[in-house]
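Structure at a glance
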Amino acid sequence: MKITAARVIVTCPGRNFVTLKIETDQGVYGIGDATLNGRELPVVSYLEDHVAPCLIGMDPRRIEDIWQYLYRGAYWRRGPVTMRAIAAVDVALWDIKAKMAGMPLYQLLGGRSREGVMVYGHANGSDIAETVDAVGQYIDMGYKAIRAQTGVPGIKDAYGVGRGKLYYEPADAALPSVTGWDTRKSLNYVPKLFEKLRATYGFDHHLLHDGHHRYTPQEAANLGKMLEPYQLFWLEDVTPAENQEAFKLIRQHTVTPLAVGEIFNTIWDAKDLIQNQLIDYIRATIVGAGGVTHLRRIADLASLYQIRTGCHGATDLSPVTMGTALHFDTWVPNFGIQEYMRHSEETDAVFPHDYHFADGELFCGETPGHGVDIDEALAAKYPYKPAYLPVARLEDGTMWNW
C-alpha cells in the first residue's frame, strides 16, 4: 500500500481551515486538520513544499515511523507550524488505518473507556447580569459544565466576550484589532461573577474560567484564592507557561484546579508541569501537539500523576480535529473534559461528521475512521480570507498578552 497524493485544501466557511487529504493506491483516503488560527498560510507552505513531497510512495500503515520521520527528520523541529503539519499527516493516517480495519478510531486506540464525553460550552456577556443569563441558557440546553466570561467595566473588548452566543470567532480582522486589559479591574470584578452564578444556580453544575495568559503568577494566585469559595472546575491559562516554575507560586497559594496547554506543541512543553504536579488538567490538542500519536504520550505521562485531559476545542479547530478528539476522549483513561465551541452551519456542511451532542456530552459515531469528511466542492465556494487574532494593550499603551 502506497501514498499517491497529499493535497492541502484551504477553505473559509466563516473562518479559515487547513485540511490535508492523503490518498492511496488502494482507493482509501484520510483527512487531517492543520489549522493555525491567524497563521494558516505558513502551515500551508510547509505542508505543500516540505511535507507532502516526502509522503509520496510511503506506506500509510507505518504511522509511527512516518511520525518519527517528520519529527526527527526535521532538524529545525517543534513549534506550532511543524507540529500542526505533523498532526495533519498523523490524523489522516489514523483515519486511513481505521477505515482499512473497518472500525471507528477509538477501537484501534484500545476501545471505550466511557460512553459519552462531557463537554463545556462558552457563556459570555457584556456584564455580570448578561453572563448569568447566558449560563442559564447553556444549562437549559443540557450542559453540565459551562465556561463563564464577562465584560469588565473599563476594559475595552474584554477577552472571551463574543459577538455571537454560539459561534464566537476571535480572529476578526485582516490586521490585528487592539483590545484592552487592566488586571486590577478584572480581579475586582471576576469573583463577583462567580458569586452571582453560584447564588443563582447553586453548585450542581461545573463552572470554568479562562485567564488567557493575562495575569502574573502572583496575580493568578490571588485570583485563584478569591475564587475558591465558588468551587471552579478549573482556572485556565491563568499565566503564561513559558516559565513552568511560575506555576509553583500559584500552587502554593490556591487549591483552585489549574488547566493549561492549548498552545503547547510537544510533551516537553508540559513535562515539568506534569512531573511536579503543578496543574490538574492538560489542554494540549490533537492538532497542536502532533496528532493522536504524540497526544497519547502526553496523556500517558499525565496519568502517572493523576492529571486529566481537557483538550482545547474552540472553533479554530476544524470538525476534523473535534471528531478525532472525541475518539481520543472516548478511549483515554484519564479523561477530564472536552471544550466544545459549536461550529457554524456553513462549517458543519463543509465537514460532514457523525458525532452528536446530547445531555451535556458529545458522542463519537461508529463510522470507520474518525467519522469526519470534507465536501471539496462546497469548500471551494469559501475562499481563504486573511484574519488575525487581536492583540492586547494596557491602558498606558504597553503591549500585553492577548
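See above for the structure.
Residues numbered from 1 in each chain as written. Predicted model: local features only at pLDDT ≥ 70, side-chain atom pairs only at ≥ 80, totals over all residues. Heavy atoms only, no water.

Let's shift gears to the overall build of the protein chain. Helix and strand counts for the protein chain stand at 13 helices and 16 strands. Expressed as lengths along the three principal axes of its C-alpha atoms, the size of the protein chain is roughly 60 × 45 × 45 Å. Residue burial in the protein chain is summarised as follows: out of 402 residues, 59% are buried. In the protein chain, the proportion of contacts linking residues at least 24 apart, taken out of those at least 6 apart, comes to 72%. Counting every atom, the protein chain has about 15800 Å² of accessible surface; 52% of that belongs to carbon and sulfur. For the protein chain, the distance from the average position of its 38 positive side-chain charges to the average position of its 49 negative side-chain charges is 3 Å. (Helix = DSSP H or I, 4+ residues; strand = E, 2+ residues; numbered from the N terminus. Buried < 20%, exposed > 50% of the residue type's maximum accessible area, 1.4 Å probe, protein only. Contact = heavy atoms within 4.5 Å. Areas by Shrake-Rupley, 256 points an atom, 1.4 Å probe, with all protein chains shown as cover. Lys, Arg positive; Asp, Glu negative; His and termini not counted. Charge placed at Lys NZ, Arg CZ, Asp CG, Glu CD.)

So, about the packing of aromatic side chains. Taken as a whole and judged by the stated rule, the model has 13 aromatic pairs. Note on Tyr120 and Trp234: the rings are 5.5 Å apart at their centroids and 85 degrees apart in plane angle, and the pair reads as edge-to-face. A residue pair is termed long-range when its members are at least 10 positions apart, and Tyr120 in strand E4 (residues 117–125) and Trp234 in strand E8 (residues 234–236) qualify at 114 residues. Take Trp234: its relative accessible area is 0%, and that puts it in the buried class. Here the aromatic cluster, defined as three or more aromatic residues joined through ring pairs, consists of Tyr120, Phe233, Trp234 and Tyr281. Looking at Lys21, its charged tip hangs above the ring of Tyr29, at a distance of 4.2 Å from the centre. Note that Arg112 overlies the ring of Tyr106, its terminal NZ or CZ placed 4.6 Å from the centroid. (Phe/Tyr/Trp six-rings, centres within 6.5 Å; stacked < 30°, edge-to-face > 60°. Lys NZ or Arg CZ within 6 Å of the ring centre and 35° of its normal.)

With that settled, consider empty space enclosed by the protein. Going through the model one piece at a time under the given rule, you end up with four cavities of 30 Å³ or more. Estimated volume of the largest cavity: approximately 110 Å³. Around the largest cavity sit 14 residues that line it, and Gln149, Tyr159, Trp181, Ser186 and His209 are the ones nearest its centre. When contributions to the lining of the largest cavity are tallied by element, the ones reaching two or more residues are strand E5 (145–150), helix H6 (183–201) and strand E7 (206–210). Across the lining of the largest cavity, the residue classes tally to six nonpolar, six polar and two charged. (1 Å grid on protein atoms, 1.4 Å probe; cavity = no way out; pocket = protein on both sides within 12 Å on 5 of 7 lines; lining within 4 Å. Points joined across faces, edges and corners; volume = space filled by probe spheres on them. Nonpolar A, V, L, I, M, F, W, Y, C, P; charged D, E, K, R; others polar.)

To continue, consider the environment of Arg283. Turning to its location among the elements, Arg283 is positioned in the loop between strand E10 (281–282) and helix H10 (291–303). Side-chain polar atoms of Arg283 contact the side chain of Glu262, separated by 2.7 Å. (Polar contact = N/O pair within 3.5 Å; in protein donor to acceptor, adjacent residues only side chain to side chain.)

With that settled, consider the sheet that holds strand E1 (residues 3–11). Taking strand neighbours across the sheet as the criterion, the three strands line up as E1-E2-E3 in an open arrangement whose pairing is antiparallel. Each of the sheet's edge strands pairs with one partner strand only, and the pair in question is E1 and strand E3 (29–33). On average, each strand axis in the sheet is inclined to that of its neighbour by 20 degrees, with strand direction left out of account. As defined by bridge partners, strand E2 (residues 17–24) adjoins E3 across five bridges and the pair is classed as antiparallel. (Pairing = 2+ DSSP bridges. Axes fitted to C-alpha atoms, helices over the stretch in contact; angles between N-to-C directions.)

Glancing now at helix H11 (residues 319–331). Over its 13 residues, H11 extends 18 Å from the first C-alpha to the last, a length consistent with the 18 Å expected when each residue adds 1.5 Å. Across the 13 residues of H11, 13 count as buried, placing the element largely inside the fold. (Expected span 1.5 Å × (residues − 1).)

We now examine the layout of surface pockets. Roughly 960 Å³ of volume is contained in the largest pocket. His212, Glu262, Ile263, Leu389 and Trp402 are the residues nearest the centre of the largest pocket, which is lined by 38 residues in total. Sorting the residues of the lining of the largest pocket by element identifies helix H3 (80–101), strand E15 (391–394) and strand E16 (399–400) as the ones contributing at least two each. Looking at the lining of the largest pocket residue by residue, the class counts come to 19 nonpolar, nine polar and ten charged. Each of two domains, domain 1 (3–103) and domain 2 (109–368 + 390–400), supplies a minimum of three residues to the lining of the largest pocket. (Domains from an automatic or database assignment.)

Residue placement: His212 occurs in the loop between E7 and helix H7 (217–227). What makes His212 buried here is its relative accessible area of 6%. Beyond its immediate stretch of four places on either side in the chain, His212 contacts Tyr159, Glu236, Asp237, Glu262, Asn401 and Trp402.

Our focus in this paragraph is the sheet that holds strand E6 (residues 178–181). The strand order across the open sheet built from three strands is E6-E15-E16, with neighbouring strands paired in mixed fashion. Two strands close off the open sheet at either side, each with one partner strand: E6 and E16. Two strands pair when backbone bridges link them, and E15 and E16 are joined in this way by two bridges, in the antiparallel orientation. Residue pairing in the sheet places Arg393 in a bridge with Met399 of E16.

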